[in-house]
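Examining the three-dimensional arrangement
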Amino acid sequence: MQIPSKYEASQVESKWYDYWMEHNYFHSEPDEREPYTIVIPPPNVTGVLHMGHMLNNTIQDVLIRRARLQGKNACWVPGTDHASIATEAKVVAKLKEEGIDKNDLSREAFLKHAWDWTHKYGGVILEQLKKLGCSCDWERTKFTMDDDMSEAVIKVFVDLFNKGLIYRGYRMVNWDPEAKTTLSDEEVVYEERQGNLYYIQYKILTPALSKEEGAHTASPALEGLGEEYLTIATTRPETIFGDTAICINPNDARFTHLKGKKAIVPICNRVIPIIEDDYVDVEFGTGCLKVTPAHDENDKTLGDKHKLEVIDIFNEDASLNSFGLHFEGQDRFLARKAVVKELEATGVLVKTETHTNKVGTSERTKAVIEPRLSDQWFLKMEDLAKPAIKAVLGEDPEINLFPKKFENTYRHWMENIRDWNISRQLLWGQQIPAYYYGEGKEDFVVAENIDIAIDLARVKAKNVNLRKEDLKQETDALDTWFSSWLWPISVFDGIRNPENKDIKYYYPTNDLVTGPDILFFWVARMIISGYEYKGDKPFNNVYLTGLVRDKQRRKMSKQLGNSPDALKLIEAYGAGGVRVGLLLSSAAGNDLMFDEALCQQGKGFGNKIWNAFRLVDGWKVDDHIEQPESSKIAIDWYESKFQKALIEIEDHFSKYRLSDALMTTYKLIFDDFCGWFLEMIKPAYQKPIDTKTLKSVIAIFEDNLKIVHPFMPFLTEDIWHYIAERTPEEALIVAKWPESKQVNETLINEFEFASEVISGIRNIRKQKNIAFKDAIGLSLINNEKGHATFDSIISKLGNLENIDYVSNAVDGALTFRVKSNEYFIPMAGSIDVEAEIKKLTEELNYTEGFLKSVQKKLSNERFVAGAPEQVVASEKKKEADALAKIETLKASLESLY
């Protein structure tokens, strides 16, 4: 079959992906082989392929394809996450465009819209992964809202509740006013922002005020008001409507006279107590603090301690409610400006200063988080986390993190773990299986379905007449991560059917490849659920990739416009070029500086392999020719080089240094195979090659393709089938990884020496313009002894008439040295002797001048004594090299006279 002159990725890639799918190579079923399992970090169902996905999934595909070649039963489970907040936001936006308000819909009606949207737009990213060459077991594709997956989530919730680990509590939570839901601490991103610090005067109430005037007095009598004020600094003046106390430090002498007094909140004129607590930082602001228990976690703690009233001033969208008086309905940030304006007008705003502080924002919507008191569902984490801490950080860890530096991050999170807020005020997600039968806080039961719930409710309520219609299910949904923390178990149905053949065969999985930003969100929680529900780790190794950044080290994002279109990159450079480009720029676990030029380098690498095969494929064969000695030695040498590289590659893979494994492969094929080996064995121009050599070259080429296949699957599969007609059972994707054999280090070292000799010959040919077609002689003084193994190759690649071993220098010859060996090439008649003498004399003068400068430095005792050891060693090497070069130049000059 004639191989095309150019590799056309766009035509080849779809052909071979269809072929792989047709023959079901990606699918796995339990059998007698060793399993190798990866579960994909499920991308959001709303997602599209970006550079982070490209890197992460390239790495996974490299690992899974290599395992397949190693004869393991490779299973890569794909899937998507329902992404409650992100997906609901998209559905709400779509409904808004259609003039529909989410709040006007029933739960069932909204969920129908959500499922319609998911079926139409969801899962696009999985189709895009196919363009990259990802060999996932598509028959096993899972979605976190699949019926069986949801059933597993509900089962786990009920189990944890029955174990006393899930509870409902009224707590200060992180409220996302855009998504209108609570978030866990880990979903809040803190950003430094510049704002203002407002200094506001609170009037002090004199004792003349009647004691009957409580803290709730909205408009205290003006009688008894003094003219003393207390100035308080705040970054959020709009929250004064929720103030229920002023706190001073009991040890602050400035405010001793205020103990037991009361103050009046500006604008709303609420009378509030002045309390004492050493929590107050006397150095910050004015040294006293306004206490707003409904809108600050620390204030809530103070409020509980001092039994203060809690006044929530915000609606769920963070606009002010009726407690905001005439600002009711205004957005918090607009209200801030209006409140400041009124404070200025009434003369109680003393001053404003710029102030930088950390502001919590929603990871999903980017909205500023509002602390809010709310009834939520929580999972107790302290005891659940203990096995997961030991699994990673114990004396004999069961789970390895790569790179190890992330162990410190893991330790910090896990040893300071807080209860997990698992409820979300969303419709898209698994509805919490709690059923209320009364108005009391404890008037509920938790059950997998309403049939079980009604029986439990009748017993708990002591009311046999309760009907299903009397039960009202909790409207909150579960946090998305509460489904995905079960992922390695639930994708194999290990929660509902814990003894099924899949979970027993594939669990624990082998490798997890993900980003460090979800080390706690997802990785740690999967480890926790693994020990809780399987009594075993969910995976052996976690490879944490770096972030993809641009050449300026900026994180890639749509906002910056520095993120290339993933599919357009594949279109321009082919999937193989992009995969190689990503991995060439990816140092294990560190952020990678993506440079599109590396994709071009990857494409160039593919073209190099393609053209190498075209060269081999174009040789004519003669069965009657004996194998030349040079070809035999070349084959032995390359096989040893290959085996040595194979050991390095295996070592790199064991340490998850995939870019290093690729670079070893790249250098082996680009430099050793294409740069040297093919030159060593190729027949003379328009001459045939012997059968034995060609057979060995093809076998070597096939081994090369096997180690490149995980990185460049399409190209290698295409060439594999050009080499020979193959049955589906003989496809490269299911071929056998090369076997490790003994390495002949002596042969490798001898070639290193021989390659310097060949380079010396080529340099002289180039310098003297001696055409390669003109054979030349070579004589040498063999002071090194040995190194004759490659003489036939030196002769071939140097186009030598002969190689003579001599005892003395050859007169009238050009010379060069390799270590202590001296080589002589007779001058060709075309050489201009006078020009050569002039050139060598100039080079000699320069080198002698250079030597003097080096020796002057080395004769300086202060330099030798004070300089680092490696610097002195470098100078001594320069001296030795210069002396050797001078000796060679003088010998060359003598031969010309």
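Report follows, based on the coordinates.

Calculation rules
- Residues numbered from 1 in each chain as written.
- Predicted model: local features only at pLDDT ≥ 70, side-chain atom pairs only at ≥ 80, totals over all residues.
- Heavy atoms only, no water.
- Pairing = 2+ DSSP bridges.
- Helix = DSSP H or I, 4+ residues; strand = E, 2+ residues; numbered from the N terminus.
- Axes fitted to C-alpha atoms, helices over the stretch in contact; angles between N-to-C directions.
- Contact = heavy atoms within 4.5 Å.
- Phe/Tyr/Trp six-rings, centres within 6.5 Å; stacked < 30°, edge-to-face > 60°.
- Buried < 20%, exposed > 50% of the residue type's maximum accessible area, 1.4 Å probe, protein only.
- Lys NZ or Arg CZ within 6 Å of the ring centre and 35° of its normal.
- Core = buried A, V, L, I, M, F, W, Y, C linked by side-chain atoms within 4.5 Å.
- Parallel < 35°, antiparallel > 145°, perpendicular 65-115°, else oblique.
- Nonpolar A, V, L, I, M, F, W, Y, C, P; charged D, E, K, R; others polar.

Right, let's talk about the sheet that holds strand β29 (residues 800-805) for a bit. Spatially, the four strands line up as an open sheet ordered β29-β28-β31-β30, and their pairing is mixed. Pairing within the sheet leaves two strands with one partner each, and these edge strands are β29 and β30 (813-818). When the angles between neighbouring strand axes are averaged without regard to direction, this sheet yields 20°. With three bridges joining them, strand β28 (residues 776-781) and strand β31 (residues 821-826) adopt antiparallel strand pairing. Bridging across to β31, I781 finds its partner in E822. Packed on one face of the sheet, helix α23 (residues 791-798) meets β28 and β29 and runs near 140° to β29.

The full count for this structure, using the stated rule, is 42 aromatic pairs. Seen in terms of ring centroids, W481 and F521 are 4.9 Å apart; in terms of plane orientation they differ by 5°. Their pairing is stacked. Placement of the pair is W481 in helix α12 (residues 481-484) and F521 in helix α15 (residues 519-533), with a sequence separation of 40 residues. Residue classification places F521 among the buried positions, given a relative accessible area of 3%. Across from the ring centre of W420, 3.9 Å away, lies the NZ or CZ of R525, which sits over that ring.

Let's shift gears to the nonpolar core. Counting residues in hydrophobic clusters, the biggest one holds 190 residues, and the most contacted among them are W377, L379, Y410, M414, F482, I527 and F677. Leaving out residues up to four positions away in the same chain, M414 has contacts with A385, A388, I389, F520, A524 and I528. In terms of nonpolar packing, the next biggest core, distinct from the first, is built from 30 residues, I248, L258, I272 and V340 among them.

Where helix α3 (residues 84-97) contacts helix α4 (residues 107-121), the axes come no closer than 10 Å and their chain directions differ by 100°. In terms of orientation, α3 and α4 fall into the roughly perpendicular class. Residues T87, E88, K90, V91, V92, K94 and L95 of α3 pack against F110, H113, A114, W117 and T118 of α4. For the contact of α3 with α4, a count of residues per class yields six nonpolar, three polar and three charged.

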